[in-house]
Amino acid sequence: MKEIINTKAAPAAIGPYSQAIKVGNLVYTSGQIPIDPSTGSFVKGGIKEQTRQSLTNLKAVLEEAGLTMANVVKTTVFMADMNDFADMNAVYAEFFAEPFPARSAVAVKTLPKGALVEIEVVASC
């Protein structure tokens, strides 16, 4: 059975999807872009600030499910420009500790609303 995870501490869905779905002992999040939920706008700054906000949004969704970033087993990072990888990675490292989750990082042509980064995770309960 699917359980919807939804929090006002992360941006509301901008389409027909849920912030996260829990199935069994796994939580699958939708991708989070760097929207500040208090303003509904992108955070100011570049890839570092956008990565931090995207991960902060994911942290809020996981907290609503009773989890932390330590529960994350897999992440997928979508980037508009792979040249931003080192800066994204530096901020990413602030949110995770060993054992680090598995990760994929891919460059894409465009992201929703012109974001520089979008991140999704799978977490284990």
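Just so it is clear, the structure is predicted and the values come from calculations on it, not from any experiment. (Residues numbered from 1 in each chain as written. Predicted model: local features only at pLDDT ≥ 70, side-chain atom pairs only at ≥ 80, totals over all residues. Heavy atoms only, no water.)

## Side note on helix α2 (residues 85-95)
Stated formally: Relative accessibility thresholds used throughout: buried, under 20% of the residue-type maximum; exposed, over 50%; partly exposed, between the two (1.4 Å probe, protein chains only). Numbering goes from the N terminus for both helices and strands, where a helix is a DSSP run of H or I of at least four residues and a strand is a run of E of at least two. Starting at the helix axis, one direction is taken to each C-beta atom, and the arc is that of these directions. Two residues qualify as a contact provided that any one of their heavy atoms is within 4.5 Å of a heavy atom in the partner residue.
For α2, the full list of buried residues reads Met 88, Val 91, Tyr 92 and Phe 95. Axial view of α2: buried residues confined to an arc of 105 degrees, hence all on one face. Those residues of α2 that are exposed and aimed more than 90 degrees away from the buried face are Ala 86 and Glu 94. Looking at the packing, one finds that the buried side of α2 touches α1 (47-64), β6 (72-79) and β7 (102-107).

## Some words on unusual backbone geometry
Here the amide bond leading from Glu 98 into Pro 99 is cis, since omega sits at -5 degrees, within 30 degrees of zero. Looking at the element boundaries, Pro 99 is found in the loop between α2 and β7. Even without being a glycine, Lys 113 presents a positive backbone phi close to 60 degrees. Within the fold, Lys 113 resides in the loop between β7 and β8 (117-124). On the accessibility criterion, Lys 113 (58% relative accessible area) is exposed.

## A look at α1
Which entries qualify depends on this criterion: Multiplying 1.5 Å by the residue count of a helix minus one yields the expected span of that helix.
Look at α1: 26 Å from first C-alpha to last across 18 residues, which is about the 26 Å you get at 1.5 Å a residue. Buried within α1 we find Ile 47, Gln 50, Thr 51, Gln 53, Ser 54, Leu 55, Asn 57, Leu 58, Ala 60, Val 61 and Leu 62. Where α1 terminates, the next one or two residues include Gly 66, which has phi positive at roughly 80 degrees.

## A word on the pattern of salt bridges
In a structure, side chains of opposite charge can pair up when their charged atoms sit close to one another. Short version of the rule: What counts as a salt bridge is simple: a side-chain nitrogen of Lys or Arg found within 4 Å of a carboxyl oxygen of Asp or Glu.
If you walk through the whole model with that rule in mind, you get two salt bridges. One salt bridge connects Lys 48 with Asp 87, and the closest N-O pair in it is separated by 4.0 Å. Here the residue Lys 48 occupies a position in helix α1, and Asp 87 occupies one in helix α2, the gap between them amounting to 39 residues. Take Asp 87: its relative accessible area is 34%, and that puts it in the partly exposed class. Here Glu 94 ties to Arg 52 by a salt bridge, and the two come within 3.0 Å at their closest N and O atoms. You can see Glu 94 sitting in helix α2 and its partner Arg 52 sitting in helix α1, a full 42 residues away along the chain.

## Here's the deal with the side chain of Gln 53
Examined against the element boundaries, Gln 53 turns out to sit in helix α1. The class for Gln 53 is buried, based on a relative accessible area of 14%. The contact partners of Gln 53, leaving out residues within four places of it in the chain, are Pro 34, Ile 35, Asp 36, Pro 37 and Val 43.

## What to know about the sheet that holds strand β2 (residues 20-23)
Going by this rule: In this analysis, strands are considered paired if DSSP registers two or more bridges between them. In this description, a line fitted to the C-alpha atoms serves as the axis of each element, helices being fitted only across the stretch in contact, and the angle between N-to-C directions of two axes falls anywhere from 0 to 180 degrees.
Read from one edge of the open sheet, six strands run β1-β2-β3-β8-β6-β7, paired in mixed fashion. In this open sheet, the two strands that pair with only one neighbour each are β1 (2-5) and β7. For this sheet, the mean angle separating the axes of adjacent strands, direction not counted, is 15 degrees. As paired strands, strand β3 (residues 26-29) and β8 are joined by three bridges and run antiparallel to one another. By the bridge assignment, Tyr 28 is partnered in β8 with Val 122.

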